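Spelled out from the first residue to the last, the chains are:
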Amino acid sequence: MSTIIEARGLTKRFGSFTAVDDVSFTVEENRIYGLLGRNGAGKTTIMQLLTGQDFATDGSVSVYGQSPVENSRVLSNVSFIKESQKYPDGIRAKHVFAAAPNFYGNWNPELAEELIAEFRIPLNRDIKKLSRGQVSAVGVVVGLASRAPITFFDEPYLGLDAVARQLFYDRLLEDYALFPRTVILSTHLIDEVSDLLEHVILVDEGRILIDTPAEELRGSASTVVGKRVDVAAFVAGREIIHTDGIGGLASVTITGQLSPAERAAATAAGLELAPVSLQQLIVRLSSHESMEGTEL
Amino acid sequence: MTAVPALAAPPAFSRVWNVVRLHMISKNTFIVIPWLIIAGATVVSLVIPALLAYNGVSRADISEGAVNSWAVLSPMWYLCAVAVLAIAQFFPFSLGFGVTRRDFYLGTSLVFLISAIATGAVLATLGEIETATDGWGLGARMYTALFFDQGSWIANFFLFTVIQLGILFVGAAIATVYMRWRMWGMLVFWLGSVVVIVVGISAITFSNSWTLVGETLASLGVMGVFAWTLVPIALAAFAGFFILRRATPKN
């Protein structure tokens, strides 16, 4: 494993607002990362700092051991596809695909052509006249066909229908298997990408809440459902991240792996154990801080 | 262990040239639209003398009246918009392709230079033809109107090129102020400009120096004045570079 990106004490302030607050993490080469978090959590700002599009207020970013700012050695290896990408007036999709090979050394024209057909992108219409989903598809095709060693996708699916999104996930995984690269994907649709992600970085209010391999995260919480007293007895001493209930019934989400013996005990006590999806877990953890202090 | 870059960056000039190609990817901006405007202005500049001649106005009178035609400057207003959009729209677009600010600015400047020189050369050549054909056989003047009749191709070419460079680089520099500081930048910039102009005019007026200014301009001549404007143009070009180096492509 070699480190491809390293952020240390990374901070970005806009006036009095701190968008990214003393964040440190590393990204290993050739893995798929999910950069998750709520709106305004700081995902886009982090990506802009990692790609040299914005300047850090404090701390440092290194990509291949160098600052990405104004660094064409680094940026030649990066493809950054963002939802907010603006295109000049009069530019058509065909212009974008004609220009892209000049900037991406690994650009694959055959792949681009296949993807353009699959996403049904109108090549000859002004991009400003395309639908939101079609504009997103242009970005997705550039991001995939560029085969850049480091590819950032910042909420690339906006306006894409379910079929197109699935197509994006399938083609990303397929091409990643053929040409391993480092992918950093920010998204709200966590359930849709949870099988894709190898590592999860969860940010909230500019800070990192989770920085863990996705595998570890998947079995790391369970929901216990049953009679209030039984549930309370079972979860005693465990870390509770969510509590819910009606009348005499309770549903409590706890963290930590459960051993087979514990599972058997739960069943014996008439409790139901439900797995917690990545999305649920992240929703629970993101809202956990405001939940603290809530007693069962 | 730190990963090593898989791809080497292209050499400096080809990175800059990629930006030039990006600007030129849609031929409309720098080629089709300016020449459509020039063609339209040319048609008007030829139809009017034809109408006057039909009504019995002498060719000498037509030629004399047409000296004040601004037709040849008609594409220059459009260039102002081109300069602004070349920064405002292509800066975020180029950075989306992983272009550095430095390469973007150098490439954009190169496009300005190529476009100003190419257009200047064609306009000066059309001026030569206009003179040789006695105003396209109608006494019309468009490409040799105003002060664009310096007697040599190279002198007229110089004037046309300098005007375009001025519009492009000053327009671009103003756009970089917007990219860097947004609305507040614009506000401060325009208020500042007004103050500078008012102070300048007042200083000349109160020191009774208008005659001196007039004499200086007259002694420099058209060529001298245009040569001197290269200094503020170069300053605008450098200012644009340093302002854009710290700008971010945000909405």
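Residues numbered from 1 in each chain as written. Chains lettered and ligands numbered in written order. Predicted model: local features only at pLDDT ≥ 70, side-chain atom pairs only at ≥ 80, totals over all residues.

Things to note about the overall build of chain B
Link 1 in the chain: Scanning chain B from N- to C-terminus turns up nine helices and zero strands.
Link 2 in the chain: Secondary structure of chain B in N-to-C order comes out as α-α-α-α-α-α-α-α-α.
Link 3 in the chain: By sequence separation, contacts in chain B at least 24 residues apart represent 80% of the contacts at least 6 residues apart. (Helix = DSSP H or I, 4+ residues; strand = E, 2+ residues; numbered from the N terminus. Contact = placed C-beta atoms within 7 Å.)

Regarding the overall build of chain A
Link 1 in the chain: Looking only at helices and strands, chain A features 12 helices and 13 strands.
Link 2 in the chain: Taken over the C-alpha atoms alone, chain A extends approximately 65 × 40 × 35 Å along its principal axes.
Link 3 in the chain: Expressed as a percentage of its 296 residues, the buried residues of chain A come to 43%.
Link 4 in the chain: The contacts of chain A with a sequence gap of at least 6 include a subset with a gap of at least 24, amounting to 68%. (Buried ≥ 20, exposed ≤ 12 C-beta atoms within 10 Å, placed from the backbone.)

So, the packing of helix H4 (residues 109-118) of chain A against helix H5 (residues 132-145) of chain A
All names here are of chain A.
Link 1 in the chain: Their axes nearest at 9 Å, the elements H4 and H5 cross at an angle of 155°. Considered as vectors, H4 and H5 are oriented roughly antiparallel to each other. For the pair H4 and H5, the sense of crossing is right-handed. Contact residues: Leu111, Ala112, Leu115 and Ile116 in H4; Val141, Leu144 and Ala145 in H5.
Link 2 in the chain: In terms of residue class, the contact of H4 with H5 is made up of seven nonpolar, no polar and no charged. (Axes fitted to C-alpha atoms, helices over the stretch in contact; angles between N-to-C directions. Parallel < 35°, antiparallel > 145°, perpendicular 65-115°, else oblique. Left-handed = near helix turned anticlockwise from the far one by under 90°. Nonpolar A, V, L, I, M, F, W, Y, C, P; charged D, E, K, R; others polar.)

Topic: the interface of chain B and chain A
Link 1 in the chain: Contacts between the two partners involve 34 residues from chain B, matched on the other side by 35 residues from chain A.
Link 2 in the chain: When contributions to the side of chain B that touches chain A are tallied by element, the ones reaching two or more residues are helix H1 (12-23), helix H2 (28-54), helix H5 (90-96) and helix H6 (101-132) of chain B.
Link 3 in the chain: Examining the composition of the side of chain B that touches chain A, we find that five residues originate from one element, H5 of chain B, more than from any other.
Link 4 in the chain: Among the residues making up the side of chain B that touches chain A, the classes are represented as 17 nonpolar, 11 polar and six charged.

A short note on the sheet that holds strand E4 (residues 58-63) of chain A
Residue and element names in this part refer to chain A.
Link 1 in the chain: Spatially, the three strands line up as an open sheet ordered E2-E1-E4, and their pairing is antiparallel. A single partner strand is all that each edge strand has here, and the edge strands are strand E2 (17-28) and E4. Strand after strand, the sheet turns through a mean of 15° between neighbouring axes, direction not considered.
Link 2 in the chain: Across the sheet, helix H1 (residues 43-50) lies against strand E1 (3-14), E2 and E4, angled at about 60° from E2, the strand it touches most. (Pairing = 2+ DSSP bridges.)

A look at the packing of helix H4 (residues 74-88) of chain B against helix H8 (residues 153-206) of chain B
Residues and elements named next belong to chain B.
Link 1 in the chain: Following both chains from N to C, one finds H4 and H8 inclined at 40°, their axes separated by 8 Å at the closest point. H8 is crossed by H4, and the crossing has right-handed handedness. Each of Met76, Leu79, Cys80, Ala83, Val84, Ala86, Ile87 and Ala88 in H4 lies in contact with H8, whose residues at this interface are Ile163, Gln164, Ile167, Leu168, Gly171, Ala172, Ala175, Thr176, Tyr178 and Met179.
Link 2 in the chain: Residues of the contact of H4 with H8, tallied by class, amount to 15 nonpolar, three polar and no charged.

Points about the domain arrangement of chain A
Residues and elements named next belong to chain A.
Link 1 in the chain: Splitting chain A by domain gives domain 1 (3-217) and domain 2 (219-291).
Link 2 in the chain: On a C-alpha basis, the centroid separation for the pair domain 1 and domain 2 is 35 Å.
Link 3 in the chain: Taken together, the contact pairs 11 residues of domain 1 with eight residues of domain 2.
Link 4 in the chain: Sorting the residues of the side of domain 1 that touches domain 2 by element identifies helix H7 (190-193), strand E8 (199-204), strand E9 (207-213) and helix H8 (214-218) as the ones contributing at least two each. (Domains from an automatic or database assignment.)

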